[in-house]
Amino acid sequence: MLVAFLHGLILSLGLILPIGMQNGFILTQGALHRRWSRSLPAVITAGICDTLLIVLAVVGVSTAALHVPWLRGLFGGVGIAFMLYMGISTWRDKGGDREADGSTVAWPPRRQVGFTVSVSLLNSHALIDTLVVVGGAALAYSLWPQRLAFGLASVMVSWLWFFALSMVGHAMGRVVLRGSSLLVIQRISAVMMWASAVYLVYILYTFS
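These numbers were taken from a predicted model, which means no experiment stands behind them.

(A) Focus on the packing of helix H2 (residues 21-32) against helix H6 (residues 109-121). Packing of H2 against H6 brings their axes to within 9 Å, and their N-to-C directions diverge by 160 degrees. Relative to H6, the element H2 lies roughly antiparallel. For H2 against H6, the interelement crossing comes out left-handed. Along its contact with H2, which presents Met21, Gln22, Phe25 and Gln29, the element H6 presents Gln112, Phe115, Thr116, Val119 and Ser120. Here the residues of the contact of H2 with H6 are counted per class, giving 4 nonpolar, 5 polar and no charged.

(B) Spotlight on a nonpolar patch on the surface. Nonpolar side chains collect at one region of the surface, where Val55, Val59, Trp144 and Leu148 lie side by side and expose about 370 Å² of accessible area between them. Where the nonpolar patch is concerned, the elements lending two or more residues are helix H3 (40-59) and helix H8 (144-172). Within the secondary structure layout, Leu148 lies in helix H8. On the basis of relative accessibility, which here comes to 53%, the residue Leu148 falls in the exposed class.

(C) Broad picture of the confidence of the model for the protein chain. Taken as a whole, the protein chain shows an average pLDDT of 77; of its residues, 72% reach a score of 70 or greater. Across the protein chain, H3 holds the top mean pLDDT of 92, while helix H4 (residues 61-65) sits lowest at 59.

(D) Local environment of the nonpolar core. Ile26, Phe115 and Phe162 are the most contacted members of the largest nonpolar core, which has 20 residues in total. Only H2, H3, helix H5 (69-92), H6 and H8 provide two or more residues apiece to this core. If near-sequence neighbours (up to four positions away) are discounted, Ile26 is found in contact with Ala42, Val43, Ala46, Phe162, Leu165 and Ser166. Counting residues in each nonpolar core, the second largest holds 12 residues, with Ala57, Val134, Ala138 and Val155 among its members.

(E) A look at the environment of Met172. Summarising the element assignment, Met172 is placed in helix H8. Taking the C-alpha atoms as reference points, Met172 and Leu27, separated by 145 residues in sequence, lie 9.2 Å from one another.

(F) Just the side chain of Ser39, in detail. With respect to the helices and strands, Ser39 occurs in the loop between H2 and H3. Under the relative-accessibility criterion, Ser39 is labelled buried at 1%. One polar contact links Ser39 to Ser166, side chain to side chain, over a distance of 2.8 Å. Ser39 has contacts with Gln29, Gly30, His33, Gln112 and Ser166, leaving out every residue within four places of it along the chain.

(G) Here's a closer look at the UniProt feature "transmembrane region" (unreviewed entry) in the protein chain. Feature annotation in UniProt places "transmembrane region" (unreviewed entry) on residues 6-28, 40-64, 70-88, 126-144, 150-172 and 184-205, given in this structure's numbering. In residues 126-144, helix accounts for 74% and strand for 0%; the two terminal C-alpha atoms are 24 Å from one another. With 100% helix and 0% strand, residues 150-172 has end C-alpha atoms that lie 33 Å from one another.

(H) The packing of H2 against H3, seen in detail. Direction vectors running N to C along H2 and H3 enclose 160 degrees, while the axes themselves pass 10 Å from each other. On the basis of the axis angle, H2 is roughly antiparallel to H3. Here H2 runs over H3; the crossing is left-handed. When H2 is examined against H3, the residues Gln22, Phe25, Ile26 and Gln29 are found in contact with a partner set consisting of Ala42, Val43, Ala46 and Asp50. Here the contact of H2 with H3 is built from residues that sort into 5 nonpolar, 2 polar and 1 charged.

Basis of the calculations
Residues numbered from 1 in each chain as written. Predicted model: local features only at pLDDT ≥ 70, side-chain atom pairs only at ≥ 80, totals over all residues. Heavy atoms only, no water. Axes fitted to C-alpha atoms, helices over the stretch in contact; angles between N-to-C directions. Helix = DSSP H or I, 4+ residues; strand = E, 2+ residues; numbered from the N terminus. Parallel < 35°, antiparallel > 145°, perpendicular 65-115°, else oblique. Left-handed = near helix turned anticlockwise from the far one by under 90°. Contact = heavy atoms within 4.5 Å. Nonpolar A, V, L, I, M, F, W, Y, C, P; charged D, E, K, R; others polar. Patch = residues over 30% accessible without salt bridge, like charges linked within 9 Å, V, L, I, M, F, W, Y side chains within 5 Å. Areas by Shrake-Rupley, 256 points an atom, 1.4 Å probe, with all protein chains shown as cover. Salt bridge = Lys/Arg side-chain N within 4 Å of Asp/Glu carboxyl O. Buried < 20%, exposed > 50% of the residue type's maximum accessible area, 1.4 Å probe, protein only. pLDDT = per-residue confidence, 0-100. Core = buried A, V, L, I, M, F, W, Y, C linked by side-chain atoms within 4.5 Å. Polar contact = N/O pair within 3.5 Å; in protein donor to acceptor, adjacent residues only side chain to side chain. UniProt positions renumbered as here; feature names shortened; annotations may be inferred.

Below you can see the structure in the form of structure tokens.
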């Protein structure tokens, strides 16, 4: 069980470290809120979404579903469309609403939850990493105690990472994310979303 736990820990750390849309959003919300606790809706939602995906991956439901051609195509098509739309929307955004001092207004809880759900459950990289990579690795353990230890480590990494990322963002402060700095971050995020869409097309073509 210890080996499975360490395997899940190391694999999940390697998958979650790159700053993609989900991580970038958590980091940004932590920085924009004057009180760190107000960024918790995004953090908790991301943790719940990741936990859901990891559970599906560990029990093998996701792996079986992804081998159904029409379901994989539908799933991939929705993900590609979402990535393209979010990329265009993010590129066109001039920095969101602003306060009198020129800083960006932090998002309210409902908007945080909605966006976090979308970038967690419709994000091609997150889905491929969790459902395919984590799910495939979990299936290597035939005994359920080992598989559960592997899944527990993966879930633990996700929750700790999102909390830590939000705290780091908050420590960076609102000054970092003003004016042109925020615009640059948004443009980079948009390009990453379009790259994710292209990557998902490649993955679907490879599977077919």
